[in-house]
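Residues per chain are reported as follows:
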Amino acid sequence: MADTDLYLTVMNEAYNNYNKDNNYNPGDAGYQPLLKDPRGVNYPGDYDWVKLPFREDTPITQRYSLSMRGGNRNTKFYSNISYYDQEGVIKTNRLRRINFRSNIDHIISSKVNFGVTIGLGHTINNRVPSENGNYGYILRSFPQRPYDRPYKKDGSYAIGGIDLRYHNVQAMINESTSDYKIYSANASTYLNWKLAKGLIYKPQLSLLYNTNNDFYNRTTDFPNMESYDGYTRESRATAIRYVLQHTLTYKTMIKEKLGLTAMVGQSYEHYNRSWNISSGWDFPTKQFTYIRSAASFGANGYAYGSTLISHFGRLDLSWDDKYLLAATVRADGSSKFPSNGMWGVFPSASIAWRINKEDFMKSFDFINDWKIRVSWGMTGEQSGVGYYTAQRYMGAEAPYYGQAGIILESPGNRDLSWEKAEQINVGTDAVLFNDRLNISIDYYIKHTHGLLFEKPMPATYGYKTKLVNIGKMRNSGLELSLKSVNIKQRNFEWTSNLTFTTINNKVKKLMEGNTPVYVGNYHILEINKPVGSFYLYKQEGIYQSDKEVPENLYKNGVRAGDMKYALDENGNPKRMITGKAMPDWYGGFTNTFKFYGFDLNISLSYQYGNDILNIFRSGYSDRLGQMDANMLKESAENRWTGPGTSNKYPRALFNSEYNNMASDRYLEDGSFLKLKDITLGYTFPVDWVKHIKLKHLRIYATMQNVATWTKYSGMDPEVSYTLSPKEMGQDFFGTPNPRMYLIGLSLNF
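Residues numbered from 1 in each chain as written. Predicted model: local features only at pLDDT ≥ 70, side-chain atom pairs only at ≥ 80, totals over all residues. Heavy atoms only, no water.

1. Examining the overall build of the protein
Here is step 1: Across its full length, the protein holds seven helices and 35 strands.
Here is step 2: Projected onto its principal axes, the C-alpha coordinates of the protein cover approximately 100 × 70 × 65 Å.
Here is step 3: Taking all 749 residues of the protein together, 41% fall into the buried category.
Here is step 4: Expressed as a percentage of contacts within the protein between residues at least 6 apart in sequence, the contacts between residues at least 24 apart total 64%.
Here is step 5: Working note: accessible area of the protein is about 40,800 Å², and carbon and sulfur atoms make up 54% of it.
Here is step 6: On the protein, the mean spot of the 87 positive side-chain charges and the mean spot of the 73 negative ones are 8 Å from each other. (Helix = DSSP H or I, 4+ residues; strand = E, 2+ residues; numbered from the N terminus. Buried < 20%, exposed > 50% of the residue type's maximum accessible area, 1.4 Å probe, protein only. Contact = heavy atoms within 4.5 Å. Areas by Shrake-Rupley, 256 points an atom, 1.4 Å probe, with all protein chains shown as cover. Lys, Arg positive; Asp, Glu negative; His and termini not counted. Charge placed at Lys NZ, Arg CZ, Asp CG, Glu CD.)

2. Digging into the environment of glutamine 391
Here is step 1: Tracing the sequence through the fold places glutamine 391 in the loop between strand 12 (367–381) and strand 13 (393–395).
Here is step 2: Along the sequence, glutamine 391 and arginine 414 sit 23 residues apart, while their C-alpha atoms lie 7.2 Å from each other.
Here is step 3: Every residue in contact with glutamine 391, bar those within four places of it in the chain, is listed here: Ser410, Pro411, Gly412 and Arg414.

3. Structural notes on the pairing of strand 24 (residues 533–537)
Here is step 1: Taken across its five residues, strand 24 has five buried, putting it largely inside the fold.
Here is step 2: Pairing geometry for strand 23 (residues 523–525) and strand 24, over two bridges, is antiparallel. Bridge assignment links histidine 523 to a residue of strand 24, and that residue is phenylalanine 534.
Here is step 3: Direction of pairing for strand 24 relative to strand 27 (residues 575–580): antiparallel, over a ladder of five bridges. When the sheet's bridge partners are listed, tyrosine 537 is paired in strand 27 with arginine 575. (Pairing = 2+ DSSP bridges.)

4. Re helix 1 (residues 4–21)
Here is step 1: Taking 1.5 Å per residue, 18 residues should reach 26 Å; helix 1 reaches 26 Å between its end C-alpha atoms and fits that length.
Here is step 2: Of all the 18 residues making up helix 1, 13 are buried; the element is thus mostly covered by neighbouring parts of the structure.
Here is step 3: At the exit of helix 1 stands asparagine 23, carrying a positive phi of roughly 55 degrees. (Expected span 1.5 Å × (residues − 1).)

5. Considering the sheet that holds strand 27
Here is step 1: Sheet architecture is open: four strands sit in the order 22-23-24-27, paired in antiparallel fashion. Looking at the sheet topology across the chains shown, the edges are occupied by strand 22 (517–519) and strand 27. Each strand of the sheet is rotated relative to its neighbour by a mean of 45 degrees, with strand direction disregarded.
Here is step 2: Taken together, the three bridges between strand 22 and strand 23 define a ladder with antiparallel strand orientation. Its bridge partner being in strand 23, valine 519 is matched across the sheet by histidine 523. (Axes fitted to C-alpha atoms, helices over the stretch in contact; angles between N-to-C directions.)

6. Digging into the nonpolar core
Here is step 1: Residues Ile90, Tyr137, Leu536 and Leu613 are the most contacted members of the largest nonpolar core, which totals 33 residues.
Here is step 2: Contributions of two or more residues to this core are made by helix 2 (137–141), helix 3 (169–174), strand 24 and helix 5 (615–621).
Here is step 3: Apart from the residues within four sequence positions on either side, leucine 613 is in contact with Tyr522, Phe534, Leu536, Ser663, Tyr666, Leu667, Gly729, Gln730 and Asp731. (Core = buried A, V, L, I, M, F, W, Y, C linked by side-chain atoms within 4.5 Å.)

7. A word on the packing of aromatic side chains
Here is step 1: By the definition in use, this model includes 27 aromatic pairs.
Here is step 2: Note on tyrosine 565 and tyrosine 658: the rings are 5.2 Å apart at their centroids and 75 degrees apart in plane angle, and the pair reads as edge-to-face. Residue tyrosine 565 is found in strand 26 (residues 563–565), and its partner tyrosine 658 is found in the loop between helix 6 (633–637) and strand 31 (667–669); the two are separated by 93 residues along the sequence.
Here is step 3: Assessed through its relative accessible area of 1%, tyrosine 565 is described here as buried.
Here is step 4: Assessed through its relative accessible area of 17%, tyrosine 658 is described here as buried. (Phe/Tyr/Trp six-rings, centres within 6.5 Å; stacked < 30°, edge-to-face > 60°.)

8. Notes on the sheet that holds strand 34 (residues 730–731)
Here is step 1: In spatial order, the strands read 31-30-34; together these three strands make up an open sheet with mixed pairing. At either end of the open sheet lies a strand with only one pairing partner, and these are strand 31 and strand 34.
Here is step 2: As defined by bridge partners, strand 30 (residues 611–614) adjoins strand 31 across three bridges and the pair is classed as antiparallel. Opposite aspartate 611, over in strand 31, you have aspartate 669 as the bridge partner.

9. So, unusual backbone geometry
Here is step 1: Backbone geometry at aspartate 320 places phi at a positive 60 degrees, although glycine is not the residue there.
Here is step 2: The residue aspartate 320 is located in the loop between strand 9 (296–319) and strand 10 (323–334) in this model.
Here is step 3: Aspartate 320 gets classed as partly exposed once you look at its relative accessible area, which sits at 32%.
Here is step 4: Backbone geometry places asparagine 434, a non-glycine residue, at a positive phi of 55 degrees.
Here is step 5: Positionally, asparagine 434 belongs in the loop between strand 15 (419–432) and strand 16 (437–449).

10. Quick word on the pairing of strand 32 (residues 672–683)
Here is step 1: Bridging between strand 29 (residues 598–608) and strand 32 involves ten bridges; their strand directions are antiparallel. Looking at the pairing, isoleucine 602 lines up with isoleucine 678 of strand 32.
Here is step 2: Alignment of strand 32 against strand 33 (residues 696–710), held across eleven bridges, turns out to be antiparallel. Pairing of threonine 679 across the sheet is with threonine 702, part of strand 33.

11. A short note on the pattern of salt bridges
Here is step 1: Tallied over the entire structure, the rule returns 36 salt bridges.
Here is step 2: Salt-bridge contacts for arginine 241 lead to glutamate 269; the nearest nitrogen and oxygen are separated by 2.5 Å. On the criterion of sequence distance, the pair formed by arginine 241 in strand 7 (residues 231–253) and glutamate 269 in strand 8 (residues 258–281) is long-range, its members being 28 residues apart.
Here is step 3: Classification of arginine 241 as partly exposed rests on a relative accessible area of 31%.
Here is step 4: For lysine 674, the salt bridge is made with glutamate 718, and the minimal N-O distance between the two is 2.7 Å. Residue lysine 674 is located in strand 32, and its partner glutamate 718 is located in the loop between strand 33 and strand 34; the two are separated by 44 residues in the primary sequence.
Here is step 5: Several salt bridges share partner residues, and in doing so they unite Arg145, Asp148, Arg165 and Asp628 into one network. (Salt bridge = Lys/Arg side-chain N within 4 Å of Asp/Glu carboxyl O.)

12. Things to note about the side chain of serine 318
Here is step 1: Along the chain, serine 318 turns up in strand 9.
Here is step 2: For serine 318, the side chain forms a polar contact with the main-chain nitrogen of aspartate 321, separated by 3.4 Å.
Here is step 3: If near-sequence neighbours (up to four positions away) are discounted, serine 318 is found in contact with Lys257, Leu258, Gly259, Tyr323 and Leu324. (Polar contact = N/O pair within 3.5 Å; in protein donor to acceptor, adjacent residues only side chain to side chain.)

Next comes the structure, spelled out in structure tokens:
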């Protein structure tokens, strides 16, 4: 960020340009006075606001795991307990988790066996509240003026909007608590019953119970709490899911070489969730944080549930393990949809030819296995559908002149149905050179019909959006996987694993008339364009003289040094598709080396062809005097100061929205190559460890998020404000993935 000298230079330049453009003189109502240097004789130097939210010491992560297994001929058991403790890079951020799991399998007779699994878990997450919102620690720290400090001379907090430009991050950290606790329990059981030769009946039952408690407190010293003497919000949610499934499987050989496996099944899944939230404000002192101590209260809550019923079947045929045929069909009925769209039927089929088993392939002895396969199938999606979205329902949340009232909360959609995807896949798998090389190649084409989308509605309707099925989308691409044993000797081995995937995504159909659909502030859905396309103003440079500025823009205050955008037929800046959030291709590359007892694992990941909208730069750090926030050093030093000085960064100008409109100036190449992990370990010889009653002993050290090579100027090219495909690729200065150092010990008794 800019230091005080650069900051004052740019801000005063911005005020001078503003006064000049508007013909303001000292004493005029709109005149902006220049900033005076606030530094005195004993000025201790600029404050490093960038480091303020982050821990000063190295965050520590701990993992512990203990497992036991055993049994006899008829009974096997396994138990594991694990503990995980991770400190985040942001102060006060910490995650702790303990899990227990145990399962037992028992053979009752030659025809019947069963198993039981239970699991318990507890998580405590001391979260970073509102990471990407108004109270985001990083978001409120970086743009502070460089000469300001978090504390006044009397030791009290500096106040945002008075002493500081933004809310005081130090006060936000010290005077708030955000704890999220989860308690979970799950259990499952199954039974295998051989009814006859080749015929097995298998019922399964699973239960999941989850309850969480979300506690958030701000003391009276938290920023912007002048109206309250402290505030606490606490919510509790309980979720129960149970699934009952029955399958009947028959397996036989019809002839010597023809194998048949047939399966039919049915499952019933039910999910219930209840949620209650209460809040309290105005506490006696900051030491009181629980709601019972508050002078004022508020509460809310709801409960909902859904049911999914499925019927399914599968048929597998195999001739001499050479020609393979599989066909499946499933019918899913979801209570989330109306009765006329509740059921979806999703068939699939595949064929495969193990070509290496043919007689004409016997001379190719370097081929251990080679399969060619083709598949077609359909799947359904309902995850974007609310529990009562299809229903027209009312809510009792509209008090009117002190009287209870109800409003229409959802218009419902009786035509809502499953989002369906149809995919064709052609691929091949090969194992070569005595298992030294494994190759898998797939080409896929996927058509998605009835895309689920929140359609914007006129404000006069009383609700903002309505969930509808709007159109079609096409995905196609290539998937490649290579596994190789490059060197294999007695005391040295080198193996590699490469994955590579391409994506070609296009919207093929939208609503009536295929009218483009605007998504949020920066994206658009348009025919034959990728989902997640950025819809921004396009920068064509900087106006170098007033003569270059079109007449209509000049009348509106645009001058030399201001942004030059692509214009429409009326001479006004126009939006257009300027990039996409989805990459062209991505993958990973892992190498493992073994030398005597040592092992070294190096893992890389990569992505190419996607764009990232750096919202922090557009909203804060690149505004160059539009607000009195601090700015990036690069932008400030390379701003336009006269003809030919810059064709990228505009002049400094106070109160200028024009230069900071959402344009591709803030759209950056999001491609990257990451060195994700390096692990070095040593496994002690068995002859050594048996003397201390151990079967296995290994020590290792791991470094995660080692290095990143990217043109992106943000903190991490993998951070996104939202994971929605329609709006992904926005970086609002979220917390980056930290570099981590791990030391571990693995032993077996």
